[in-house]
Amino acid sequence: MNILRGKGPLFILPWRCTSACTNNCLHCGFASNATALDALGTEETKQIVDKIHDFGATYFGISGGEPLLRKDLPEIIGYAKNTGMNVSLITSGYFLDDKIFGNLVKHEVRVSVSVDGTKVNNDAIRGNGAYEKAVSAIKKTSEAGLLDCLVATLANIDATRNNVTSEDMEHVIQLAEEYGARWVVIHGFIPFNRTKQHLAIAPSPQQYEKIWNDIYDLRLKYNGKPEVNVYCPFFARIAKQRGLPNFDDWFNNFFLGKCSIAGKYMSIIENGDVIPCSFNDRVILGNTKDKSLKQIWNQLQTSELNLKLRDRNNLKGKCGICEYREICGGCRTRAEMCTGDLFASDPACAYVPKVLREQ
């Protein structure tokens, strides 16, 4: 069942090629970011590709911002393929013109498309016309045999907290089923700033509890066609409570929602910095200009912060006393953004630990 098996420490090592994006997604820190001043040039990027190959990654992952805004992307994709790596890319589909599409087909790039629900809610979150562009990209990549995944993010349209729905998530799953995507990945909301306006669109803990339970039911309903994965640590607690068969195998080899900041993952951003969580640019592990990725990875495994994060006894509040802390532990980046403390409780979780219920 292991979906991330490869020859190096990580099956895929993502490169955030640009922070530029012309979409206006409510949940994204790159919304309407027209320029990416710190992005590395083509030759510097090729050096990053070489380092990812030397690291032993099977897949070179490309994300953004909106990756298709990079004019040299076709050249970078070709270079990565020539190293022997496979290439994957996540896009909103907005700039998937014939030239770019032809390059993706030529190099057999596995494509993930972002879509957050039905047309009404998706466009309310991402901007008018975003749904049609996404579906067009889904159709084109499906017909070419490139469509890999649909990616959705939970977010309320406004502070009323009643418009992120399981129906929207099922719509995404139905799109994946219709067009043959291998799987759907659903992200929880991770804030990128602490403004009251931004935090107001986060689903409430009660919303999360309902939606994750509904999505557990949808996993059963669609029975792996497509597979449904969740980027949220406490979905593991829900799966355990619901009696997921072969839980240990699922958790160890399939579940993507384990908090990555404790040494299980890393990615590269525009200027060559390496980070342990794709949603946290504040924890920097090093830069590819100064060290190999193997050096950075090895240092990460023994770093004081990493070892402290791995020991769940260091978690605070209800996360620190929860009986599910070893399989969950909450999202550290969300805790830090909402409270200022990387070790605080995840404020998105509604669960009350047993020890508190028994007091």
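Preceding block: the structure.
Read on for a plain summary of the structure. (Residues numbered from 1 in each chain as written. Predicted model: local features only at pLDDT ≥ 70, side-chain atom pairs only at ≥ 80, totals over all residues. Heavy atoms only, no water.)

1. Topic: unusual backbone geometry
The peptide bond linking Gly64 to Gly65 adopts the cis configuration, its omega dihedral lying at 25°. Looking along the chain, the bond that leaves Lys225 and enters Pro226 is cis, with omega of 5°. Looking at the secondary structure, you find Pro226 in the loop between α8 (205–222) and β7 (227–231). In this structure, Asn223 takes a positive phi of about 50° despite not being glycine. With respect to the element layout, Asn223 can be found in the loop between α8 and β7. (Helix = DSSP H or I, 4+ residues; strand = E, 2+ residues; numbered from the N terminus.)

2. Focus: the pairing of strand β1 (residues 12–16)
Counting buried residues along β1, four of its five residues qualify, which places the element largely inside the surrounding structure. In the sheet, β1 pairs with strand β2 (residues 59–63) via five bridges, with the strands oriented parallel. Within the sheet, the bridge partner assigned to Pro14 lies in β2 and is Gly61. (Buried < 20%, exposed > 50% of the residue type's maximum accessible area, 1.4 Å probe, protein only. Pairing = 2+ DSSP bridges.)

3. Section: helix α5 (residues 130–143)
Given 3.6 residues to a turn, an α-helix orients residues that are three or four positions apart in the same direction. Counted at 1.5 Å a residue, the expected span for α5 with its 14 residues is 20 Å, and the 20 Å between its end C-alpha atoms agrees. Those residues of α5 not exposed but buried are Ala130, Tyr131, Ala134, Val135, Ala137, Ile138, Lys140 and Thr141. Turning to α5, the residues buried within the fold contact α3 (98–106), β4 (110–114), α4 (119–126), β5 (147–153) and α6 (166–179). (Expected span 1.5 Å × (residues − 1). Contact = heavy atoms within 4.5 Å.)

4. With respect to the packing of helix α1 (residues 42–55) against helix α2 (residues 73–82)
Two elements in contact, α1 and α2, have axes separated by 10 Å at closest approach and are oriented at 30°. Relative to α2, the element α1 is oriented roughly parallel. The two elements α1 and α2 cross, and the hand of that crossing is right-handed. Residues Thr42, Glu43, Thr45, Lys46, Val49 and Asp50 of α1 form the contact with α2, whose own contacting residues are Glu75, Ile76, Tyr79 and Ala80. For the contact of α1 with α2, the residue count by class is four nonpolar, two polar and four charged. (Axes fitted to C-alpha atoms, helices over the stretch in contact; angles between N-to-C directions. Parallel < 35°, antiparallel > 145°, perpendicular 65-115°, else oblique. Left-handed = near helix turned anticlockwise from the far one by under 90°. Nonpolar A, V, L, I, M, F, W, Y, C, P; charged D, E, K, R; others polar.)

5. Some remarks on helix α11 (residues 293–302)
All of the buried residues along α11 are Leu293, Ile296, Trp297, Leu300 and Gln301. The arc that holds the buried residues of α11, viewed along the axis, is 135°, so those residues lie on one side. The secondary structure elements touched by the buried residues of α11 are β1, α1, β8 (267–268), β9 (273–275), β10 (286–287) and α12 (304–310). (Arc of directions from axis to C-beta.)

6. Here we look at the environment of Asp98
Mapped onto the elements, Asp98 comes out in helix α3. Put simply, Asp98 and Cys21 are 77 residues apart on the chain and 20 Å apart in space, counted from C-alpha to C-alpha.

7. Some words on the environment of Ala262
Mapped onto the elements, Ala262 comes out in the loop between α10 (247–253) and β8. Overall, the relative accessible area of 7% leaves Ala262 in the buried class. Between the alpha carbons of Ala262 and Lys221 there is a distance of 33 Å; along the sequence they are 41 residues apart. Contacts of Ala262, omitting those with residues within four sequence positions, involve Asn306, Leu309 and Arg310.

8. Remarks on the packing of aromatic side chains
Tallied over the entire structure, the rule returns 15 aromatic pairs. Pairing Tyr208 with Phe234 gives two aromatic rings, centres 5.8 Å apart and planes at 85°, and the pair type is edge-to-face. With a gap of 26 residues between them, Tyr208 in helix α8 and Phe234 in the loop between β7 and α9 (235–241) connect regions that are remote in the sequence. By relative accessible area, Tyr208 is classed as buried at 1%. Of the residues examined, Phe234 reaches a relative accessible area of 0% and is grouped as buried. With centroids separated by 5.5 Å and ring planes inclined at 45°, the aromatic side chains of Phe247 and Trp250 adopt a geometry described as tilted. Note that Phe247 and Trp250 are positioned in helix α10 at a spacing of three residues, about one turn of the helix. By way of ring pairs, the aromatic residues Tyr208, Trp212, Phe234, Phe235, Phe247, Trp250, Phe251 and Phe255 are connected into one cluster. In this arrangement the basic side chain of Lys133 is found over the ring face of Tyr94, its NZ or CZ atom lying 5.3 Å from the centre. (Phe/Tyr/Trp six-rings, centres within 6.5 Å; stacked < 30°, edge-to-face > 60°. Lys NZ or Arg CZ within 6 Å of the ring centre and 35° of its normal.)

9. Quick word on a nonpolar patch on the surface
A surface patch of nonpolar side chains, about 290 Å² in accessible area, is lined by Ile321, Val352, Val355 and Leu356. Mapped onto the elements of the fold, Leu356 is located in helix α15 (residues 354–357). Accessibility expressed as a relative area gives 33% for Leu356, which makes it partly exposed. (Patch = residues over 30% accessible without salt bridge, like charges linked within 9 Å, V, L, I, M, F, W, Y side chains within 5 Å. Areas by Shrake-Rupley, 256 points an atom, 1.4 Å probe, with all protein chains shown as cover. Salt bridge = Lys/Arg side-chain N within 4 Å of Asp/Glu carboxyl O.)

10. Points about the pairing of β5
Of all seven residues that make up β5, seven are buried, and the element is covered over most of its length. Here β5 runs beside strand β6 (residues 183–187); their pairing, made up of five bridges, is parallel. Looking across to β6, one finds that Ala152 is bridged to Ile186.

Spatial relationships are all this shows, so hold off on functional conclusions.
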